[in-house]
Every structure is written in C-alpha cells, then in structure tokens.
Amino acid sequence: MQIKKERVLHIVSGIAPGLSGTGRLMSYLVAQNKFEKDTKIHFHYAYSPSTNIRTMIASRQFIKAIYSVVRIWFSKRWFACKIYYLSKRLRGKILIFHPQTLGFNRTLQLMRTCGNKATLFGLDNSFFCVRSYNYIPGTSESCLRCIGGNFASVTELNCLPLPVASARGLSFVKELRTLLGLGQIKVLAQNQQNAELYRRHVGNNINVQTVGLWAQDWDGLSRASEYTQSLVDYDIVYHGDISAAKGGRWLLEVARNLPNVRFLFPISAPLDLDDIPSNIDFKPMSWESGLHQAVVKAKIVCVPSLWSATIEGAFIKSIMCARAVACVKVDAIYNAELPENLVLRLESTPSLAAHRLNEALDTDWVPDSQVHASWVREFKSKNENMLRNIVDAIYD
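Because the structure is a prediction, the values reported are computed rather than measured.

**Q** Any chance you could explain the sheet that holds strand β6 (residues 207-210) here in plain terms?
**A** Working definition: the strands of a sheet are paired by backbone hydrogen bonds and lie parallel or antiparallel to each other. Taken in spatial order, the six strands make up an open sheet running β2-β1-β3-β4-β5-β6, and their pairing is parallel. In this open sheet, the two edge strands, each paired with only one partner strand, are β2 (39-44) and β6. Across the sheet, the mean angle from the axis of one strand to that of its neighbour is 25 degrees, orientation sign disregarded. By the bridge criterion, six bridges tie strand β1 (residues 7-13) to β2 in an arrangement that is parallel. Among the inter-strand pairings, Arg-7 is bridged to a residue of β2, identified as Thr-39.

This is the structure:
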C-alpha cells in the first residue's frame, strides 16, 4: 500500500489579517484553513494592532500603546527569523503575498533559495510597476510603459515605490522579471486580464494561473429586495480612498461638472482641497460604520479605478449589494471581463463621464436583473473556495 506524502504549504504575507483589503483576504484564508484536509498550511506574518497607535495615544490609552509597540518590535524580529529559516530549510512549498510590506530583499531571497517551491500571489501590479498601482497622477488612464522590461519611464516620471518607500523598488521589478522568466516560480493571478499582463511583461515562458479572489466580509452580501426612493440620501456614492489611482480625485472633477447631483465621499476631505463644491459631502466611514448602508441606498455607486485594477473588494461588494455600479474604461482592468449590462462603464475623460452619469440618473439606469443574478452566482461558485483554488494550482 502506497503512503500518501503529506503536502505542506507556508503562506508568507507582509500584511496580517485585519480590516484592510489584503487583511480581509488573509482573514478569509486563515478561517478557511480549518476546512482544508489534504494540505497542512502554516501562516506567517508579523503582528499588527487592530487600532492605530496614534489613535491609542490620542485617546490616552498609553499602556495599550506601549504594549503594542513592544509586541510589534518582538513580532517583527521573530517574523524575520522565521523567514530566514524558511529560506534555508523549507519543507513543502511557499506562497508569497505583498512583497512591498514583506520586503523586497526578503521576497527575492525566498524566491532565489526556494526556486520551484515558491509561488507569488498577484495582489496588484507591483510585478512591473514600482508604484504598485500603474497610474500616473494627472492623467486619466492606466500606465503600461514598463510592460516588457523597459523601465526608463520610472526615472523620467519620477515614479516612487508605493505603498512603502524603498530604494529597492526598481531593482526589485527588474530581478523579479528575470526570475519569473525562468519559468520555475509560479504566479497566481486573480483574473484573466491580470494574467495576460504577466505574459505580456515576462513572456509566454511564465507559469501563471488564475485562482480568483474572495474576502471574509463578502459572505452574505446581497442587493435590497426593494429600492425605496425616499431613503436615498445621495445620488452617487464613491467607494474607495482618495488616492489618485483609485479615482477619488478624478471623481471630484466629475462632480464639479454635475452641480445638481449629490455626491458622498466616505473619507476625510483632502487637506489641499480649498474649494469644496456644495454638492459634495465628505463623511469618513468604514464599511461597518455606515458605508454599507450608503452603498445600498445610493442611486449609483462609483468605483472609478484608473489603474489596471485586479479584483477590488470595493468593486465586488458594490456590485453585490448596490442598486447600480459605475466604473471607468481603462486598459487591462478587471471590469473589462464583466458581461454587458452589469455595470455602467464610463469614459476616462471627466466631462464625458459626467454626461453619461447624468443620462443614467435621468433614465434611472440599473443593471439587467438576470445578468446580475447570473454573474453573482457564477462569481461565488468560482471564488468562494479560493483557498482550494490556490492549493490545487500550487500542487498542480
């Protein structure tokens, strides 16, 4: 009788489970691990407090703040020791999340030493763009200048690594392309458009598979059974942060073209925004503290990412529970994979987008109900078991 060899997978992430987008993904993977029978999965990440330390200090929680600082210090060092151990004595395979916070040197070290035992999960576009989100502020389109390995634009456009500043950003994308081009290290992409970007950047020798995306707070989301006009507080609700790549500032320009349309931005007003139009409200809130309800009540929810976005949590949650969702047409973005009549696709020029939104409000545009229901069923079917998709792809 042949004894089946135990499969072991180490998941290493620069971001711990929490309330950020990647944090929610990690929370889901940790929770789903209890249902995994065929593979022994170990998670490795440094401790991250649920409350910002500055917030603790501001609320005079000094003992809690000191405890968190000390725990962070020890956790980072213990995490570094585990990464070193894995790079020297890995048993099984390793899956790497978020090189920017994990550290470029650590990521490359793991890939060099683990070779074909290593897999990279594609969260954003940091594999070719030092900004992570391939967008140049001041434009209305995604930037693909560095696809294919010509990184001259990084210096020309003064592109700085985000979200963590690092002098290693450019050298990281250069060496990563070389390593991926050898075909030994696997890549797990979220969607087909992003997988194609990997192929365009590295070449057909790259080993890339699509595994989808799911997060813990997506469970149970659905649209309201009835839409009551009297409950509408805002015509358009923005779902995202104020970063240029997410389209927050772009939508501000759209709002200036629609003075009679009420906009909600669930964030603090930018400090450099002197003149706030009267049709825009800034009200900081999280999904749990009011944004969910605002999304459900809005006539249209706008998720106007201008980078070649992968599967964004804000976008998926909005489609699942909003009355209508608008997005922007840009190169190699996930929304290009969606069926017609599911979302409202806008031109990237603010004035043209404003005109289309105004038309949609006047005609009371909503997605086709059958298309919406079919897409939700299919998306859940393909993505809810994401951890199983990951394991199958790695051990394929």
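There's plenty left to go through after this.
**Q** Honestly, the packing of helix α3 (residues 62-89) against helix α5 (residues 104-114) in this entry has me stumped. Any pointers?
**A** A pair of packed helices is captured by two measures, namely the crossing angle of their axes and the spacing between those axes. Contact geometry for α3 and α5: axes closest at 9 Å, N-to-C directions at 20 degrees. Looking at the two axes, α3 sits roughly parallel to α5. Contacts from Lys-76, Phe-79, Ala-80, Ile-83, Tyr-84, Leu-86 and Ser-87 of α3 reach α5 at Arg-106, Gln-109, Leu-110, Thr-113 and Cys-114. Per-class residue counts for the contact of α3 with α5 are seven nonpolar, three polar and two charged.

**Q** It is not clear to me how the environment of Leu-344 should be interpreted in this structure. Could you clarify?
**A** Looking at where Leu-344 falls in the secondary structure, it is placed in strand β12 (residues 344-346). Put simply, Leu-344 and Val-366 are 22 residues apart on the chain and 8.5 Å apart in space, counted from C-alpha to C-alpha. Contact partners of Leu-344, with chain neighbours within four places excluded, come to Val-325, Ala-326, Cys-327, Arg-356, Leu-357, Ala-360 and Trp-365.

**Q** What's the story with the pairing of strand β4 (residues 118-121) in this structure? I'm lost.
**A** Taking every second residue as pointing to the same face, both faces of β4 are buried, with Ala-118 and Leu-120 on one and Thr-119 and Phe-121 on the other. In this structure, β4 lies alongside strand β5 (residues 186-189), joined through three bridges in parallel fashion. By the bridge assignment for β5, Thr-119 is matched with Lys-186.

**Q** What is the right way to look at the pattern of salt bridges in this model?
**A** Side chains that carry opposite charge are capable of pairing whenever their charged atoms lie near each other. The final tally for this structure, using the stated rule, is 19 salt bridges. Taken together, the shared-partner salt bridges connect Arg-24, Asp-217, Glu-288 and Lys-317 into one network.

Thresholds applied
- Residues numbered from 1 in each chain as written.
- Predicted model: local features only at pLDDT ≥ 70, side-chain atom pairs only at ≥ 80, totals over all residues.
- Heavy atoms only, no water.
- Pairing = 2+ DSSP bridges.
- Helix = DSSP H or I, 4+ residues; strand = E, 2+ residues; numbered from the N terminus.
- Axes fitted to C-alpha atoms, helices over the stretch in contact; angles between N-to-C directions.
- Parallel < 35°, antiparallel > 145°, perpendicular 65-115°, else oblique.
- Contact = heavy atoms within 4.5 Å.
- Nonpolar A, V, L, I, M, F, W, Y, C, P; charged D, E, K, R; others polar.
- Buried < 20%, exposed > 50% of the residue type's maximum accessible area, 1.4 Å probe, protein only.
- Salt bridge = Lys/Arg side-chain N within 4 Å of Asp/Glu carboxyl O.

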